[in-house]
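A look at the structure
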Amino acid sequence: MPEARAMASHLHHFDSADQQKDAATLGMWVFLITEILFFGGLFMAYVVYRSGYPGAWVEASRSLDLRLGAINTAVLICSSLTMALGVQAAQLGRRKALVGWLVATILLGGAFLGIKSVEYAHKFAEHHVPGPSFVFHGAEARPAQLFFSLYFAMTGMHALHMVIGLGLLLNLARQSRAGRFTPAYYTPVEMAGLYWHFVDIVWIFLFPLLYLVGRH
Amino acid sequence: MWSDLPLFPARASTSAGQVDALYLYLIAISAVMSLLIAGLLVVFAVRYRRESKASRLGASNGSMRLELIWTILPFVVSMTVFVWGANIFFHVNRPPDDTMNILVVGKRWMWKLQHLNGRREINELHVPVGRAVKLTMTSEDVIHSFFVPAFRVKADVLPGRYTTLWFQATRPGRYHLFCAEYCGTKHSGMIGWIVVQQPEEFEAWLGGGVRDLSPARAGERLFTNLGCITCHNPESKGRGPSLQGVFGSTIRLKGGGIATANEAYLRESILDPQARVVDGYDPVMPTFRGLVGEEGLMQIIEYLKTIGPKAEKS
Amino acid sequence: MTQRNYLNADYGIRSWLLTVDHKRIALLYLASVTLFFMLGGVFAMMVRLELLTPAGDIMQAETYNKAFTMHGIAMVFFFLIPAIPAVLGNFLVPMMIGARDLAFPRLNLLSWYLYVIGALFTIGAIVSGGVDTGWTFYTPYSTTWSNTNVVPVALGIFVTGFSSILTGLNFIVTIHKMRAPGLTWFRLPLFIWAHYATSIIMILGTPVIAITIVLVALERVANLGIFDPTRGGDPVLFQHFFWFYSHPAVYIMILPAMGIISEVVACFARKRIFGYGFVAFSSLSIALVGFLVWGHHMFVSSQSVYAALVFSILSFLVAVPSAVKVFNWTATLYKGRISFETPMLYVFGFIGLFTIGGLTGLFLAALGLDVHVHDTYFVVAHFHYIMVGGTIMAYLGGLHFWWPKITGRLYPEWWGRLSAGVIFIGFNLTFFPQFILGYLGMPRRYHVYPEEFQVLNVMSSAGASILGVGYLIPLVYMIWSMRYGKPAPANPWGATGLEWTTPSPPPTENFTETPVVTREAYDYVDLTAEGGGIA
Ligand code: HEA
Ligand code: HEA
Ligand code: CUA
Ligand SMILES: [Cu+2]
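Residues numbered from 1 in each chain as written. Chains lettered and ligands numbered in written order. Predicted model: local features only at pLDDT ≥ 70, side-chain atom pairs only at ≥ 80, totals over all residues. Heavy atoms only, no water.

Looking now at the overall build of chain C. A count of helices and strands for chain C gives 15 helices and zero strands. Relative to its length of 535 residues, chain C is compact, with a C-alpha radius of gyration of 23 Å against a globular reference of 24 Å. Expressed as lengths along the three principal axes of its C-alpha atoms, the size of chain C is roughly 70 × 45 × 45 Å. A total of 535 residues make up chain C; the buried ones form 70% of that total. Look at the contacts in chain C between residues 6 or more apart in sequence, and 82% of them connect residues 24 or more apart. By element, 70% of the accessible surface of chain C is carried by carbon and sulfur atoms, the whole surface being about 16200 Å². When the 27 basic and 24 acidic side-chain charges of chain C are each reduced to a single mean position, those positions are 10 Å apart. (Helix = DSSP H or I, 4+ residues; strand = E, 2+ residues; numbered from the N terminus. Rg over C-alpha atoms; globule rule 2.2 N^0.38 Å. Buried < 20%, exposed > 50% of the residue type's maximum accessible area, 1.4 Å probe, protein only. Contact = heavy atoms within 4.5 Å. Areas by Shrake-Rupley, 256 points an atom, 1.4 Å probe, with all protein chains shown as cover. Lys, Arg positive; Asp, Glu negative; His and termini not counted. Charge placed at Lys NZ, Arg CZ, Asp CG, Glu CD.)

Now the structure itself:
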């Protein structure tokens, strides 16, 4: 595979393949720190309002579909597993397995987004979407709107990250079918893996914060 | 004295002199520091210009002693400024107990003010000399800021919240009132005058003119007209707690916790009754959001302040 | 006999728009930020023109409000934040550390494209009516009340924010992983330390403004209510978020400038910088403590008195490292061999004006005093002293200093010195009167103002026109020199630093062979050994 050999070496401005890999890894971690701060803003807003309107938070959280949320959590954890297996396959140079695991991850990610859109559709139907048509039957309808504002902002931003991740994975799957990755060079797979796990972890925080308020 | 210098705005409140003194202190620090640095720059630049034959022996690239000096010295100097500034800040943020209260509502782009005897003003505020005045302020739309340069005071005026500002005028005159927080097109037109008068003159002014009901009386009317009285009657037989002496008291809340019944709490109780429910009552009070405006709210609260003695409630 | 270099390595517009060479990308940035500087300058001129008279006679209030808003947005987000890092930093960071490029060249190009996309959104919004919220976008005005193009500008700033994040990321990785052999951390030029500190702020702060501005946009288009007081939201929370980024962002605007000053001072004083370690670490401490002082913009916003105390004391603390730097630069001159070429004149300008700007920052950090001067022209004067008197002076100084390296041509020295003088005078005349205006109580963002403020305003407007001319001169002669300037040698200033060891302009790969570093930075002592030697 002449193409793969070319990739196994390094770009001209690096001194060695090791240096290139180090740089990519550090770059990815720095990027993830950035992402933490990006979501950090939303989490701060969440903390402020939850402590300001604890009652509304319990009420509004009850109206979310715990079943679908839990299923989605499971789906996403599975996808992290398949992603990790994909990275391992790349490490061992098992091309078919790599493609397979990537496709599995993509399918699970797609399933997550599918379920999420069902949940969104329910929210629309129940008029729980903030705005003039917002209706909430509960004692604290007004701050409940804040909860749903944050619900949509947080899960929406998360879903956007999922979509970007799916794009990355599709691209990787295509490239790995063409045999671009070898045990000597699979940095992109590894980096996409880091990103995917990060997005997964964000959800692991979102799920209890949004769905499990006041449920002990 | 200083106040004749055109570099300062009129000095017409008790805090103005304090702020100016700190300002002068900072100017002195800045002058010393910048002259020191500029002086050294010039001296070095001349003495050690490239052509100069001055000796360069003993040139150094660092000195722990110097570094410590110019770390610690600015630190110490700035701490004196911090302490002084914080002191003044506490002064301007802590109104004395006995104040003359005035209600202020900011709205794009005007100031609506009302004295407790009912006299209303727009974009103009009359106050007496020598009396601490406290403004309770809120906004009907965006954030504004009540700024009187001659008094060296300023406070943002927020929608959905009460903020306060206090001052004590020291000399009669007409002073600028500005809106200092950008609030849209006519932000620069949201200005007015503070008219400071001698006490007698002020009393005369206050008693004259067209006068509305006093805020407390107007609030009492609203209390009846909006039907508050049906649930909150003084004999405490309604569905809600008696509101006699509620202002300033400590309220025990459902689900544990306590609250002090200040303006913000009363406002919330009327607009968001469910947010904090009084212990022992059902959350049956409807919201009055949309039924009563910012001024109405302030009036009801003024009314609640006047009824009953201040008493511990449970 | 012209050698192959990065400028003539390839021709045609495609070779520029698709380049991954950090030096060419730096020039792309140079062109774009200059454009925005002129745009911001035009808005500034509109503002100063209107303020000539107390009445609102030249333009409508709406127009004025849009003018200062777009002035602030263009100058801050599209000019000053990218100016030094993305132009000089991009060009010099790899060269100073002996690398052939930044770690991620294509990401670097992507940064520029993101900047351009953000810029196009913003220009589109300006052309189709503009925005009038002030550069601070305070809610609920920006979310519910303004009926101008808030959303496109918000998107523009959001996208440009990612350009800034990616630049910071690229610098951090490059500085960590791509230093030439022998170039240890404490041999790095201070310019690199400054950019390292700046990059930390870029990657930690920018994402917060990104999400904040998205929430503002979502509140307008999707009716979310996170900052909406009528739905229980807290408009002051927005201010916390905004300043959590925007205070550190002011250090994004000053730290790289300080890096330039260290390079230029050492070179023209022919001396190693005084207290290298202290100058290096003060950059880092400014970057880190700078994240904890945002509340000093909100002393009268109804935040708690105790929070205000903490923010105030931390603001004084963060000023100390800046003082350390100023003193070290001054001490560097002691027993140096000083010459006064244009870059050095700008450095003198910087030190003086930054000192005044910084000291007036202490006025603002003093709680009781800020209550009076908050949101007046005193604040306007403070930040122009630092950003225009400080950063732009340093930026111009740096551009002149590295111009021979960048273009391979010398700029005309006489004109350089002249413009430095004109800018200095014009600047002070424009902004010094604003301190007085502010203390007298003139609020900022005022389209009409009481008559007693007119004299000082006229002075300020007069100064602004001198300042405008001052900026026009370098614009003209620098463009002129690209073609007609005298060819520059590899090291016209006799400076140390790896960037001066390659030809001017450098070849595409910067160094024909990887340099090996064996000396400390600013190794000027040899040149002046035994009190003899030559310049
Ligand atoms: C590059 C930009 C920049 C920089 C570097 C700074 C630096 C500082 N700023 Fe400034 N600031 C702005 C840009 C900047 N600022 C902007 C844009 C605004 C307004 C935003 C808006 O509302 O639109 C603002 C507003 C602002 C406020 C809010 C005012 C208000 O709205 O009411 C405050 C308050 O504390 C403040 C303080 C400071 C301090 C203490 C420093 C310090 O870091 C300064 C440190 C430097 C020195 C101290 C000088 C050197 C020292 C010496 C020569 C030795 C002597 C020293 C001592 C005795 C300590 N700034
Ligand atoms: C980097 C930042 C930066 C820079 C460089 C400047 C530069 C200038 N600013 Fe800026 N200013 C801000 C950042 C900056 N400003 C910010 C953040 C605000 C707050 C905004 C807000 O409140 O929201 C502000 C607000 C502000 C105000 C207050 C407005 C108000 O509150 O009502 C004023 C008033 O005088 C002012 C004046 C000036 C002037 C005269 C210059 C001069 O230095 C400009 C000189 C430059 C030129 C004149 C351009 C030179 C080029 C040409 C002339 C070429 C001609 C053009 C073509 C060929 C197309 N600025
Ligand atoms: Cu009201 Cu500005
Ligand atoms: Cu700040």
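That shown, we press on.
Turning our attention to the site of ligand 2. All names here are of chain C. The full set close to ligand 2 counts 35 residues, and Arg48, Tyr64, His71, His384 and Arg445 are the nearest of them. Here an oxygen atom of ligand 2 sits 2.8 Å away from a polar atom, N or O, in the main chain of tryptophan 135. Grouping the amino acids of the shell around ligand 2 by side-chain chemistry returns 24 nonpolar, eight polar and three charged. (Near = heavy atom within 4 Å. Polar contact = N/O pair within 3.5 Å; in protein donor to acceptor, adjacent residues only side chain to side chain. Nonpolar A, V, L, I, M, F, W, Y, C, P; charged D, E, K, R; others polar.)

What follows is about the coordination of the copper ion (ligand 4). The protein atoms that coordinate the copper ion (ligand 4) are His247(C) (ND1), His296(C) (NE2) and His297(C) (NE2), at distances of 1.9 to 2.1 Å. In the primary sequence, the donor residues of the copper ion (ligand 4) line up as H-x48-H-H. (Donors = N, O, S within 2.8 Å, 3.2 Å for Na, K, Ca; no water.)

With that out of the way, let us pick up the interface of chain B and chain C. Between chain B and chain C, the residue contacts involve 79 residues of the former and 87 residues of the latter. Of all residues in chain B, Arg50(B), Phe89(B) and Tyr182(B) bury the most surface against chain C, accounting for 12% of the area lost on that side. There are 27 residue pairs in polar contact (both at pLDDT 80 or more) connecting chain B and chain C. Every element with two or more residues in the side of chain B that touches chain C is listed here: α1 (14–47), α2 (64–93), β7 (153–157) and β9 (173–179) of chain B. Across the side of chain B that touches chain C, the residue classes break down as 47 nonpolar, 18 polar and 14 charged. (Buried area = accessible area lost by both parts, 1.4 Å probe.)

To continue, consider the site of ligand 1. Near ligand 1 lie 33 residues; those nearest to it are Tyr251(C), Asp370(C), His374(C), His382(C) and Arg444(C). In this structure, an oxygen atom belonging to ligand 1 sits 3.2 Å away from a side-chain N or O atom of His296(C). The separation between an oxygen atom of ligand 1 and a polar main-chain atom of Leu364(C) is 3.4 Å. Put simply, the parts of the chain that give the shell around ligand 1 at least two residues each are α1 of chain B together with α8 (235–269), α10 (305–333), α11 (342–365) and α13 (377–407) of chain C. The class makeup of the residues in the shell around ligand 1 is 22 nonpolar, nine polar and two charged.

Here we take up the coordination of the iron atom of ligand 2. All names here are of chain C. Distances from the iron atom of ligand 2 to its protein donors, namely His71 (NE2) and His384 (NE2), fall within the range 2.0 Å. Around the iron atom of ligand 2 sit six donor atoms; with metal-centred angles ranging over 87 to 179°, the donor geometry is octahedral. A residue pair is termed long-range when its members are at least 10 positions apart, and histidine 71 in helix α3 (residues 61–96) and histidine 384 in helix α13 qualify at 313 residues. Both residues of the pair, histidine 71 and histidine 384, belong to the buried class. (Tetrahedral: all angles 85-135°; square planar, octahedral: opposite > 155°, others 65-115°.)

All names here are of chain C. One can describe the packing of helix α2 (residues 22–50) onto helix α15 (residues 454–484) by two numbers: an axis separation of 10 Å at closest approach and a directional angle of 160°. It follows from the interaxial angle that α2 and α15 lie roughly antiparallel. Here α2 and α15 pass one another in a crossing that is left-handed. Of the residues in α15, those in contact with Thr34, Phe37, Met38, Met45 and Arg48 of α2 are Asn457, Ser460, Ser461, Ala464, Gly468, Tyr471 and Leu475. The residue makeup of the contact of α2 with α15, split by class, is six nonpolar, five polar and one charged. (Axes fitted to C-alpha atoms, helices over the stretch in contact; angles between N-to-C directions. Parallel < 35°, antiparallel > 145°, perpendicular 65-115°, else oblique. Left-handed = near helix turned anticlockwise from the far one by under 90°.)

What follows concerns the packing of aromatic side chains. Tallying each qualifying case throughout the model produces 84 aromatic pairs over all chains. Ring centres of Phe227(C) and Phe241(C) lie 6.3 Å apart, and the angle between their planes is 85°; on these two criteria the pair is classed as edge-to-face. Remark: Phe241(C) occurs in helix α8 and Phe227(C) occurs in the loop between α7 (190–221) and α8; sequence separation between them is 14 residues. Phe227(C) gets classed as buried once you look at its relative accessible area, which sits at 0%. On the basis of relative accessible area, Phe241(C) is assigned to the buried category, the value being 7%. With centroids separated by 5.7 Å and ring planes inclined at 45°, the aromatic side chains of Phe244(C) and Phe291(C) adopt a geometry described as tilted. Of the two residues, Phe244(C) sits in helix α8 while Phe291(C) sits in the loop between α9 (276–289) and α10, which places them 47 residues apart along the sequence. By relative accessible area, which is 22% here, Phe244(C) ends up partly exposed. A residue is classified by how much of its surface remains accessible, and Phe291(C), at 8% relative accessible area, is buried. Grouped by ring-pair contacts, the aromatic residues Phe8(B), Tyr23(B), Phe363(C), Phe378(C), Tyr385(C), Phe427(C), Phe431(C), Phe432(C), Phe435(C) and Tyr439(C) constitute a single cluster. (Phe/Tyr/Trp six-rings, centres within 6.5 Å; stacked < 30°, edge-to-face > 60°.)

Moving on, we come to α8(C). Residues and elements named next belong to chain C. The terminal C-alpha atoms of α8, which comprises 35 residues, lie 51 Å apart, in line with the 51 Å expected from a rise of 1.5 Å per residue. By the largest-angle criterion, tryptophan 243 marks the main kink of α8, which is about 30°. Among the 35 residues that make up α8, 32 are buried, leaving the element largely enclosed by the rest of the structure. The N-capping residue of α8, defined by a side-chain oxygen 2.9 Å from the backbone nitrogen of valine 236, is aspartate 234. Positioned one or two residues after α8, arginine 270 has a phi angle of 55°, which is positive. (Expected span 1.5 Å × (residues − 1). Bend = angle between axes of the 7 residues up to and from the residue.)

This part covers the packing of α3(C) against helix α4 (residues 105–127) of chain C. All names here are of chain C. Two elements in contact, α3 and α4, have axes whose closest approach is 12 Å; the angle formed by their N-to-C orientations is 165°. Comparing their axes, α4 and α3 come out roughly antiparallel. Relative to α4, the crossing made by α3 is left-handed. On α4, the residues touching Met70, Ile73, Phe78, Pro82 and Asn90 of α3 are Asn108, Tyr115, Gly118, Ala119, Thr122 and Ile126. For the contact of α3 with α4, the per-class residue count stands at seven nonpolar, four polar and no charged.

This part is about a nonpolar patch on the surface. On the surface, a nonpolar cluster with roughly 610 Å² of combined accessible area is contributed by Met64(B), Leu68(B), Ile72(B), Phe75(B), Val76(B), Phe278(C) and Leu317(C). If one sorts the elements of the nonpolar patch by residue count, α2(B) sits on top with five residues. Note that Leu317(C) resides in helix α10. (Patch = residues over 30% accessible without salt bridge, like charges linked within 9 Å, V, L, I, M, F, W, Y side chains within 5 Å. Salt bridge = Lys/Arg side-chain N within 4 Å of Asp/Glu carboxyl O.)

Turning to the environment of Trp57(A), a few remarks are in order. Residue and element names in this part refer to chain A. Looking at the element boundaries, tryptophan 57 is found in helix α3 (residues 54–62). A relative accessible area of 0% places tryptophan 57 in the buried class. Along the primary structure tryptophan 57 and tyrosine 211 are separated by 154 residues, whereas in three dimensions their C-alpha atoms are 10.0 Å apart. Beyond its immediate chain neighbours, meaning those up to four positions away, tryptophan 57 contacts Tyr46, Tyr49, Arg50, Pro143, Leu146, Phe147, Leu150 and Val213.

So, about empty space enclosed by the protein. Gaps left between atoms are located by rolling a probe of water-molecule size over the structure's atoms. All names here are of chain C. Going through the model one piece at a time under the given rule, you end up with six cavities of 30 Å³ or more. When its volume is computed, the largest cavity comes out at roughly 150 Å³. Residue lining of the largest cavity: 17 residues in total, with Phe77, Ile81, Thr160, Gly161 and Ser164 positioned closest to the centre. Those elements that provide at least two residues to the lining of the largest cavity are α3, α6 (150–177) and α7. Considering every element that reaches the lining of the largest cavity, the biggest residue donor is α6, with six residues. (1 Å grid on protein atoms, 1.4 Å probe; cavity = no way out; pocket = protein on both sides within 12 Å on 5 of 7 lines; lining within 4 Å. Points joined across faces, edges and corners; volume = space filled by probe spheres on them.)

This part covers the pattern of salt bridges. A complete count under the given rule lists 24 salt bridges over all chains for this structure. Where Arg519(C) meets Asp523(C), a salt bridge forms, and the shortest distance between an N and an O atom there is 2.5 Å. Residue Arg519(C) is classed as partly exposed on the basis of its relative accessible area, which comes to 45%. Residue Asp523(C) is classed as buried on the basis of its relative accessible area, which comes to 19%. Salt bridges sharing partners connect three or more residues here, namely Lys112(B), Arg120(B), Glu140(B) and Glu295(B).

Once that is clear, we can look at unusual backbone geometry. Here the bond from Arg108(B) into Trp109(B) is cis, since omega is -10°, no more than 30 degrees from zero. One can find Trp109(B) in the loop between β1 (100–107) and β2 (110–115). Geometrically, the link from Ser504(C) to Pro505(C) is a cis peptide bond, its omega value of -15° lying close to zero. One can find Pro505(C) in the segment after α15. Of note in this structure, Ser302(C) is not a glycine but carries a positive phi near 85°. Relative to the elements of secondary structure, Ser302(C) occurs in the loop between α9 and α10. Ser302(C) gets classed as partly exposed once you look at its relative accessible area, which sits at 30%. Unusually for a residue other than glycine, Arg445(C) sits at a positive phi of about 60°. When you line up the elements, Arg445(C) lands in the loop between α14 (413–440) and α15.

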